[in-house]
Amino acid sequence: MDPIKTEIVVLGAGPGGYTAAFYAADKGKKVTLVEQSPRLGGICLNSGCIPSKALLHATAVLREARESAARGIELGQPNIDLDKLRTWKESILERLGQGIKGLAEKRGVQVVHGRGHFEDSHTLRVETGEGQKFLNFEKAIIAVGSKPAMPSAFDLGNRRIMTSTEALEIQDIPNDLLVVGGGYIGMELGTVYATLGSHVVVLEALPSILTGVDPDLVRPVARAAQKAFKELRVNTKVLKMATAGKQIKVTTEIDKQQREELYDRVLVSVGRAPNYSDLGLENTRVTKDDKGFIKCNPQQQTDDPDIYAIGDVNGGALLAHRASKEARIAVEAMLGEASAFENIVIPAVVYTDPEVAWCGLTETEAKQNEIDIKVAKFLWGASGRALTLDRPDGLTKLIIDPDSERILGVGIVGVGAAELIGEGVLAVEMGATARDFAETVHPHPTLSETLMEAAEVFYGTATHTLAARRES
Amino acid sequence: MDVKLPRLAEGVESGIVVNILVSEGQKIQKDQPFIELETQKAVGSIPSPASGKVSKIHVKDGMEVAVGQLLITIATESDSANVSAPARQEASRPPEVAPDSQISGGTRSAKGPDAKTPAESFRYESKSGAPPPASPSIRKIARDLGIDLMRIKGSEAGGRIVLEDMRAYIQNLQRLTFEEPEGRTGAILKPAPAQSESIDFAKWGPIRRERMSPLRQTVSRRMSESWTTIPKINQFDDIDITDLLAVRKKYATAYEKKGQRLTLTAFLLNIVAGALQKYPRANASLDAETSEIVYKNYFHIGIAVDTEGGLIVPVLRDVDKKNLFELSKDLHELTEKTRQRKVSLEELQGGTFTISNQGTIGGSHFTPIIYAPQVAILGVGQGQAKPVVVEGKIAVRTLLPVCLAYDHRVLDGADAVRFLKEIIAGLENFPESQVKLK
């Protein structure tokens, strides 16, 4: 069979891959998009961001309803129809997946469903439902993403031991659920199951959940989780798991004391691993770094000059929006434009309750690198909007360069932090100063005012809080 | 910890790796030099900002590296947990990279005709290591145009760069580019255009092309500049050093016992410092902008040193305040340091006069080129036995060929001759008492 000739092949149709394919097509290139799953959209759409946020929204309503009682509104015992919940969630994924497909068609991007394998630096073999197809390309973009890591010790082939992918299917509501790993995935999905009624225990090997996030931003999340979960155990290691009838026997160790417990289901959320196995990279000049991620330069180009890599396969922060940005950079670099992934602010959001979001420099990083900063904090207890939402458990802080007063980073914890961080990202990208925040009128009563008030705290002139006046 | 190329000196953006002094896996101490870099100005070594083990070397010999570029990665004890922590360049000691070695004299105003703040003088610095503040759209434009935002001074709050700042910067660059040739210094900053025509030398036989090192380029530029701007006179003479050599021979062993070699250059330094005090114009500089002659009440003499990398002129301080033994000692240390490329930035600046002694290699009279902004230089050849008429009889004497090159804008012929005669008389009648070790 004659190979299909194309200018650009994009391998993987997640938020990195389809962005790259569409952008290259918009720039007039002939593009082929290869995806092994029947539905486009990648992990983000099919078993990541989107389904988890759908479930988080649905269950947040449950929690709201419960908490309403204290505010004088009682809704009675809710009835949970898991089938209907799944169908609703699935309908969102289908709608978005179809949307991407339609956009691909309109742009003339050819979609090939199947597993891709590099034969050499310019040929991709695709195993499709209708047999092998060969693609002859000028340039390729690898955007195959990552998958949940499953340590072999836990991989018993027992479906009660789940990764995030299976957990998002919500087969049932287990009575006792163990979440191994207190990172953002474990915390988010733990929240979903706890709200649905599971007794959730979260184990974290390190001294804190959400490792790497500034401690003051984690504190409200940990406090809320202690209430929502049956237990939050840090400094705990999982030694062993074994099938015990319809349950899983889990051996853990804390302070050198071993403990055995039975759980109906276990969610393993200990990280993610790049998805490049059996891609045929050995037939190209692509190389990997010491952590096993694909190595590339700031133009996203791998050591094989005609092959680029974007998103999770490169390691770093495994975030859909980073992949999308890298997609654009890779395409621009391919087309000879001056583009590079440099000094780009990538915001991070954790959809726990309350949410955590940050961007730019964090207090932790500043401390590690001995960077001189000033931190201005505004506690949400003084925000009218936070109180009307019955959620004073929030904090907005600005990381400020003391010399230029430039905003180097923003950190927010609180309900709606994910939406609020956008303003912070723009501020950091624009090189805004604390004065810019303070001088910008923010609508009242909103949570966005907390950014302005934090800046005013920096100058010692916040209206709704008394702060030590700045020496000038 | 990742160690990047720190800011070296004003105007030095990059350099060529000439020597890597460590290897992967090797232990390294804080402040231990790990790389030698040749820049437009000179060769210098870069000290390590921390102790630890070299886990990776990211550069190769002959590679051009820019400020901020990753050089090596050091595994320090403290960063086992945080490998990616960027090295704090600001905290590291300024490396021993030399400034204009050819300009050994003080500050030189290189300003354009009316550039209030020349574009090239600004450089953004942030203790936090953050890039210059500018919106994404401005950064995009800068990237497209290949403009380094670090060079643009932002006018907005916090130093934020806006389109206006970039426009002004570019317009200034363009103005400087096209106005300089008619300006005071313009013509000499670039090689003569007539020579830029490419000649195909390979037509007549096999050739090899080698890129001029940054140091060579600087030497070349400074020499052309001096040659084309300074109305120069070369004054030749011979010095009878027969008696001086006898004195030197007499005391050489005594000096050697104290670990020093008594060299002719040490005598020259001593005598020249005295002559400069008597004829201060030879120790002066011209400030053409203000039409003033700058007299210096210090006597720092540059010594031309032949190194593997090329000519470098370190400066010996306060020559007038040192006795012959101290001069011998300091001279030896300074030249050794220069040959080993360990000479510091300060040691290459502030010279008021230069001695170029080729005598150790050979040669007779030659016409040295003045190191602007100095106004005179003494070129010294090799002493040779010659028949000379002494008191009506022919005698064999050792004559030292010398040439004083001087800037006629500052020094007149009569002054220069008097100055040279002072040096000759000084060497021919060098008092033995000054050689004696106390």
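Look above for the structure.
Presented here is a report on the structure given in the accompanying data block. What you are looking at is a predicted structure, and each value in this text was computed from that prediction instead of being measured.

Rules used throughout
Numbering of residues starts from 1 in each chain and follows the order in which that chain's sequence is written. Chains carry letters and ligands carry numbers; both start at the beginning, A for chains and 1 for ligands, and go up in the order they are written. Thresholds applied to this predicted model are a pLDDT of at least 70 for local features of residues and 80 or more for the giving and counting of side-chain atom pairs; totals over whole chains, interfaces and linings are not thresholded and use all residues. Contact criterion: two residues are in contact if their C-beta atoms, reconstructed from the backbone, are within 7 Å. Secondary structure counts use DSSP, requiring at least four H or I residues in a row for a helix and at least two E residues in a row for a strand, with both numbered from the N terminus. Three classes are used, and their members are as follows: Ala, Val, Leu, Ile, Met, Phe, Trp, Tyr, Cys and Pro are nonpolar, Asp, Glu, Lys and Arg are charged, and the others, Gly among them, are polar. Axis angles are defined between N-to-C directions and span 0 to 180 degrees, where every axis is a line fitted to C-alpha atoms and, for a helix, only to the segment in contact. Between 65 and 115 degrees an angle is taken as roughly perpendicular, under 35 as roughly parallel, over 145 as roughly antiparallel, and anywhere else as oblique. Here a crossing is called left-handed whenever its near helix is offset anticlockwise from the far helix by less than a right angle, and right-handed whenever the offset is clockwise. Two strands form a pair only when DSSP identifies at least two bridges running between them. What a helix should span is 1.5 Å times the count of its residues minus one. Residues with at least 20 other C-beta atoms within 10 Å of their own are called buried, those with 12 or fewer are called exposed, and the rest are partly exposed. The C-beta atoms themselves are positioned from the backbone. Joined through C-beta atoms within 7 Å, a set of buried Ala, Val, Leu, Ile, Met, Phe, Trp, Tyr and Cys residues constitutes a nonpolar core.

### Quick notes on the interface of chain A and chain B
By a widespread convention, an interface's size corresponds to the accessible area lost as its parts come together. Across the boundary between the two partners, chain A contributes 21 residues, which contact 20 residues of chain B. Taken together, the elements giving at least two residues each to the side of chain A that touches chain B come down to helix H11 (417-430) and helix H12 (434-439) of chain A. Class assignment of the residues belonging to the side of chain A that touches chain B gives a composition of six nonpolar, six polar and nine charged.

### Points about the packing of helix H6 (residues 264-278) of chain B against helix H8 (residues 413-428) of chain B
Each packed pair of helices is defined by two parameters, the angle between the axes and the distance between the axes. All names here are of chain B. Put simply, H6 and H8 touch, their axes get as near as 9 Å, and they point 140° apart. By the angle between their axes, H6 is oblique relative to H8. The handedness of the crossing between H6 and H8 comes out as right-handed. Where H6 approaches H8, its residues Phe-267, Ile-271, Val-272, Gly-274, Ala-275 and Lys-278 are matched on the opposing element by Phe-419, Glu-422, Ile-423, Gly-426 and Leu-427. Among the residues forming the contact of H6 with H8, the class breakdown is seven nonpolar, two polar and two charged.

### Looking at the sheet that holds strand E13 (residues 247-254) of chain A
All names here are of chain A. Judged by pairing direction, the sheet is antiparallel, and its three strands sit side by side in the order E12-E13-E14 without closing on themselves. Each edge of the open sheet carries a strand with a single partner, namely strand E12 (236-244) and strand E14 (257-263). The sheet shows a mean angle of 20° between the axes of neighbouring strands, taken without regard to direction.

### Details of helix H3 (residues 49-68) of chain A
Residues and elements named next belong to chain A. The end-to-end C-alpha separation of H3 is 28 Å, in line with the 28 Å expected for 20 residues at 1.5 Å each. Along H3, the residues classified as buried are Ile-50, Pro-51, Ser-52, Ala-54, Leu-55 and Thr-59. Turning to H3, the residues buried within the fold contact helix H2 (42-47), helix H4 (82-107) and helix H6 (184-196).

### Structural notes on the packing of H3(A) against H6(A)
Residue and element names in this part refer to chain A. Where H3 meets H6, the closest approach of the two axes is 9 Å, and the angle between their N-to-C directions is 40°. With respect to each other, H3 and H6 are oriented oblique. Note that H3 runs across H6; the crossing there is left-handed. Taken together, the residues of H6 that come into contact with H3 (itself represented by Ser-52, Leu-55, Leu-56, Thr-59, Leu-62 and Arg-63) are Glu-188, Leu-189, Thr-191, Val-192, Thr-195 and Leu-196. Its residues placed into classes, the contact of H3 with H6 shows six nonpolar, four polar and two charged.

### Side note on the nonpolar core
If you look at the biggest cluster of nonpolar residues, it comprises 132 residues, and the most contacted ones within it are Val10(A), Ala20(A), Ala21(A), Ile141(A) and Val266(A). Sequence-distant contacts of Ile141(A), that is, excluding residues within four places in its chain, are made with Ile8(A), Val10(A), Leu11(A), Ala20(A), Tyr308(A), Ile310(A) and Ala330(A). Of all hydrophobic cores here, the second largest spans 56 residues; its members include Leu269(B), Val343(B), Val375(B) and Val402(B).

### Regarding the pairing of strand E18 (residues 384-390) of chain B
Residues and elements named next belong to chain B. Of all seven residues that make up E18, zero are buried, and the element is exposed over most of its length. Here seven bridges tie E18 to strand E19 (residues 393-407), and the two strands are oriented antiparallel to one another. Note that in E19 the partner of Pro-387 across the bridge is Val-396. Counting the residues in the hairpin turn of E18 and E19 gives two residues, including Glu-391, whose phi is positive at 50°.

### A word on the pairing of strand E1 (residues 4-11) of chain A
All names here are of chain A. By the bridge criterion, seven bridges tie E1 to strand E6 (residues 131-142) in an arrangement that is parallel. In the strand pairing of E6, Leu-11 is matched with Ile-142. As judged from the four bridges shared by E1 and strand E2 (residues 31-35), these two strands associate in the parallel manner. Along E2, the bridge assignment pairs Val-10 with Leu-33.

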